[in-house]
Amino acid sequence: MSSTAASSSAPEQGFRRSAVILLGMLGAIQVADPILSSLALVKASDELNFSASTQSLAAGISTLALAATAIPGGMLADRYGRRLLLALSVLVAAAGQLMTASAGLIDPKADTAVLFYLLGRIITGVALGVTFGASYGMLRNVSSAKSLGPAMATYNIVNGIIPVVAMVLAGVLIATSWRLAYLILPVVSVIGFFLVKPILPKIDKLPPAKVDYLGMLFVAIGIAGLLYGISGATNGFGHPSFYVPIIVALISLAAFGIRENRTKSPVFPIKLLSHPAFLGAVVMGIFWNMASASMSQMLPNMWQYVTHIPAALLGAASLPMSAAGIVGSVIAGALLGKGSVPRTTAFAGYILMVVGFASYLIIGPTSSYLMFLPGMIIAAVGWMMNATSQGNLFITLAPAKFYGPVTSSKLAVGQFGYALGLTGSTVMVSLFTLSGVSLATKGAVAGDSNWDAITSYMATGQTTNSDLAAVSTSDLAGIYTTAFVSTISIIAVVVALAGITMYLLLKNKKASVPVEEYLGLTN
């Protein structure tokens, strides 16, 4: 464990509830922003005349900016003051959201409208990368070491509640104008800004030191390229949108690793990735995020195409998953607060995730919504038990010299896992479905160019494709359900293997070696 687990400003017992709630509220802005943007994107795209490629870019550009700047943002928080950067970052994020909301306000057809929209999303993403690192990293300053688990649980609960409330409010406002959705979080930001100074403690800065700007550039390009390439896998592994960004990312990350090992002022301690406890926390984070993303993506599609739940109710249908996640955070926080080690709590969560995914093996094309409830509830409890455990580990394992970059790297790890889940589940379901349709039509309907026609036929029951019409909607629903169950099965196996790997890493004898000693940072 790191010596940074405690702080001079932290209470000797318990945690400062008002401070943790405020940190959770500010951290929730980063969680809610991409959700609200995705809800507003369709109407924004229509009004501003986005091309298909522009719409795709608009959907993910803030996430790329956020993930790319998280680690540099953590370093800046260490150098210039965590409380100051937290307050400033939420204001900058609000400015970006207001810029997006005002794009094309005077003339939606103007050439600058799209540029203004995208620039606003980039500014928001960069700022929220700093917001996350500053808010999450400050938990150790408002909580005693023994109460970090319950503090983390409270932080996660607030992180979960605010986006749900914002999502419901956005759904109402978007009916009037998509621009109003981008005004919700600036209100939260301004309120939070005025509460930061009176509620949060002032944290000592790290001594001035040389900044490795080239290292920051390498890691930013590497993380952004990796996420962009993974999202491009939906176009096929042979498509340039997949392999070009991946190649650039791997080269950049390799250059980052080489530079960090040679420079006297590294951004991130590369050797930490070989510490069993930290590596276990990374594995934990990647695969609970992958599980969460895949289920959050697959269930609404299944309900829309097969169960035929109205689109307006899809958000409400997912609410039990959000509620279960809150329960998972409470359980994990209570267990950690009573002395349970993170690996035990996390492994129990991994078992629940596997059980939740496995429950869908009995799903059929005629299954009602109620058949989906047990699996989503059990799995969501499991992944939020991991979210709380992982959050605890990243804070306690972060060495003082690299506290900001290491704690902020949790965001990059999560985004990587989430991208794997979204893309992996999408690719597998589409591949299995297309294969089934090709077989049913004896090759007449084959290839991903028919995907829109297939999903439209499932959703509406109508198609102008005579070859596709030869397959009944009930048979098509059966093909899609088989693809869903097959994908769920594969993910369940991957999650099970990841859980075992994570547990063994955290149980390794070297996992108990203090990180400062492991990295040679002790005096």
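In this text, all values refer to a predicted model and were calculated from it rather than measured experimentally. (Residues numbered from 1 in each chain as written. Predicted model: local features only at pLDDT ≥ 70, side-chain atom pairs only at ≥ 80, totals over all residues. Heavy atoms only, no water.)

Q: Outline the overall build of the protein chain, supporting the account with residue identities and numerical values.
A: When helices and strands are counted, the protein chain shows 18 helices and zero strands. In terms of overall dimensions, the protein chain is globule-like: its C-alpha atoms have a radius of gyration of 23 Å, near the 24 Å expected for 523 residues. Within the protein chain, buried positions represent 55% of all 523 residues. Taking the contacts inside the protein chain whose residues are at least 6 apart along the sequence as the reference set, 82% of them involve residues at least 24 apart. About 21,700 Å² of surface is accessible on the protein chain, with carbon and sulfur atoms providing 67% of the total. The average position of the 27 basic charges and that of the 16 acidic charges among the side chains of the protein chain differ by 16 Å. (Helix = DSSP H or I, 4+ residues; strand = E, 2+ residues; numbered from the N terminus. Rg over C-alpha atoms; globule rule 2.2 N^0.38 Å. Buried < 20%, exposed > 50% of the residue type's maximum accessible area, 1.4 Å probe, protein only. Contact = heavy atoms within 4.5 Å. Areas by Shrake-Rupley, 256 points an atom, 1.4 Å probe, with all protein chains shown as cover. Lys, Arg positive; Asp, Glu negative; His and termini not counted. Charge placed at Lys NZ, Arg CZ, Asp CG, Glu CD.)

Q: Tell me what's going on with empty space enclosed by the protein, and back it up with residues and numbers.
A: Per the stated rule, a full pass over the model turns up two cavities of 30 Å³ or more. For the largest cavity, the calculated volume is near 40 Å³. What lines the largest cavity is Gln30, Asp33, Pro34, Ser62, Thr63, Leu66, Gly125 and Gln415. For the lining of the largest cavity, the elements supplying multiple residues, two or more each, are helix H1 (17-48) and helix H2 (52-80). In terms of residue class, the lining of the largest cavity is built from two nonpolar, five polar and one charged. Size it by volume and the second largest cavity reaches roughly 30 Å³. As for the second largest cavity, its lining consists of Asp33, Leu36, Gln97, Ala181, Tyr182 and Leu185. In terms of residue class, the lining of the second largest cavity is built from four nonpolar, one polar and one charged. (1 Å grid on protein atoms, 1.4 Å probe; cavity = no way out; pocket = protein on both sides within 12 Å on 5 of 7 lines; lining within 4 Å. Points joined across faces, edges and corners; volume = space filled by probe spheres on them. Nonpolar A, V, L, I, M, F, W, Y, C, P; charged D, E, K, R; others polar.)

Q: Which residues make up the environment of arginine 79, and what are the values?
A: Residue position: arginine 79 is located in helix H2. Exposure remark for arginine 79: the relative accessible area of 18% places this residue in the buried category. Measuring from C-alpha to C-alpha, the distance between arginine 79 and glutamine 297 comes to 39 Å, with 218 residues separating the pair along the chain.

Q: An account of the pattern of salt bridges is requested, with residue identities and associated values reported.
A: Counted under the stated rule, the structure contains three salt bridges. Here arginine 121 and aspartate 33 are joined by a salt bridge, their closest N and O atoms 2.8 Å apart. You can see arginine 121 sitting in helix H4 (residues 111-137) and its partner aspartate 33 sitting in helix H1, a full 88 residues away along the chain. Residue arginine 121 shares its accessibility class with aspartate 33, and that shared class is buried. (Salt bridge = Lys/Arg side-chain N within 4 Å of Asp/Glu carboxyl O.)

Q: Just give me the short version of helix H13 (residues 373-396), but keep the residues and values in it.
A: Side chains of residues three or four places apart in an α-helix project in the same direction, reflecting 3.6 residues per turn. Spanning 24 residues, H13 covers 35 Å between terminal C-alpha atoms, matching the ideal 34 Å at 1.5 Å per step. The buried count for H13 comes to 21 of 24 residues, which makes it a mostly enclosed element. (Expected span 1.5 Å × (residues − 1).)

Q: So what's going on with the packing of aromatic side chains? Residues and values would help.
A: Enumeration over the complete set of coordinates arrives at 16 aromatic pairs. Between the aromatic rings of phenylalanine 193 and phenylalanine 194, the centroid separation amounts to 5.3 Å while the plane-to-plane angle is 80°, which identifies the pairing as edge-to-face. Of the residues examined, phenylalanine 193 reaches a relative accessible area of 27% and is grouped as partly exposed. In this structure phenylalanine 194 comes out as exposed when scored by relative accessible area, which is 60%. Each residue in the set Trp303, Tyr360, Tyr369, Phe372 and Phe484 is aromatic and connected to the rest through ring pairs, giving one cluster. The aromatic ring of tyrosine 518 is capped on one face by lysine 271, whose charged end is 5.2 Å from the ring centroid. (Phe/Tyr/Trp six-rings, centres within 6.5 Å; stacked < 30°, edge-to-face > 60°. Lys NZ or Arg CZ within 6 Å of the ring centre and 35° of its normal.)

Q: Break down the confidence of the model for the protein chain for me, citing the residues and quoting the values.
A: Low pLDDT marks stretches whose predicted atomic positions should not be read closely. Taken residue by residue, the protein chain gives an average pLDDT of 88. The fraction at 70 or more is 97%. Across residues 1-8, confidence stays below pLDDT 50; counting only partners more than four residues off in sequence or on other chains, it has 28 contacts. (pLDDT = per-residue confidence, 0-100.)

Q: So what about the packing of helix H9 (residues 276-307) against H13? Which residues, and what values?
A: In the contact formed by H9 and H13, the axes pass within 9 Å of each other and the chain directions differ by 150°. Considered as vectors, H9 and H13 are oriented roughly antiparallel to each other. Seen from above, H9 lies across H13 with left-handed handedness. In this structure, H9 uses Phe278, Ala281, Val282, Met284, Gly285, Trp288, Ala291, Ser292, Met295, Leu299 and Trp303 to contact H13, whose residues at the interface are Gly375, Met376, Ala379, Trp383, Asn386, Ala387, Ser389, Gln390, Leu393 and Phe394. Its residues placed into classes, the contact of H9 with H13 shows 15 nonpolar, six polar and no charged. (Axes fitted to C-alpha atoms, helices over the stretch in contact; angles between N-to-C directions. Parallel < 35°, antiparallel > 145°, perpendicular 65-115°, else oblique. Left-handed = near helix turned anticlockwise from the far one by under 90°.)

Q: Tell me about helix H14 (residues 403-440), and please be specific about residues and values.
A: Given a rise of 1.5 Å per residue, 38 residues ought to cover 56 Å, and the 56 Å separating the end C-alpha atoms of H14 matches this to within 8%. Of the residues trailing H14, lysine 442 is marked for its positive phi of about 55°.

Q: Provide a residue-level description of the nonpolar core, including the pertinent values.
A: In this structure, Tyr117 and Trp383 are the most contacted members of the largest nonpolar core, which totals 152 residues. Ranked by residues supplied to this core, first place goes to H9 with 17 residues. Tryptophan 383 has contacts with Trp288, Ala291, Ser292, Met295, Met321 and Met353, leaving out every residue within four places of it along the chain. (Core = buried A, V, L, I, M, F, W, Y, C linked by side-chain atoms within 4.5 Å.)

Q: Could you give an account of unusual backbone geometry, naming the residues involved and the relevant values?
A: Non-glycine residue histidine 308 carries a positive phi angle of around 60°. Positionally, histidine 308 belongs in the loop between H9 and helix H10 (314-317). Classification of histidine 308 as partly exposed rests on a relative accessible area of 43%. Phi at lysine 442 is positive, roughly 55°, even though this residue is not glycine.

Q: Go over the environment of serine 102 with me, naming the residues and quoting the values.
A: Along the chain, serine 102 falls in the loop between helix H3 (82-101) and H4. Here serine 102 falls in the partly exposed class, since its relative accessible area comes to 28%. Serine 102 sits 362 residues away from threonine 464 along the chain, and the two C-alpha atoms are 40 Å apart. When neighbours within four sequence positions are excluded, serine 102 is seen to be in contact with Phe116 and Arg179.

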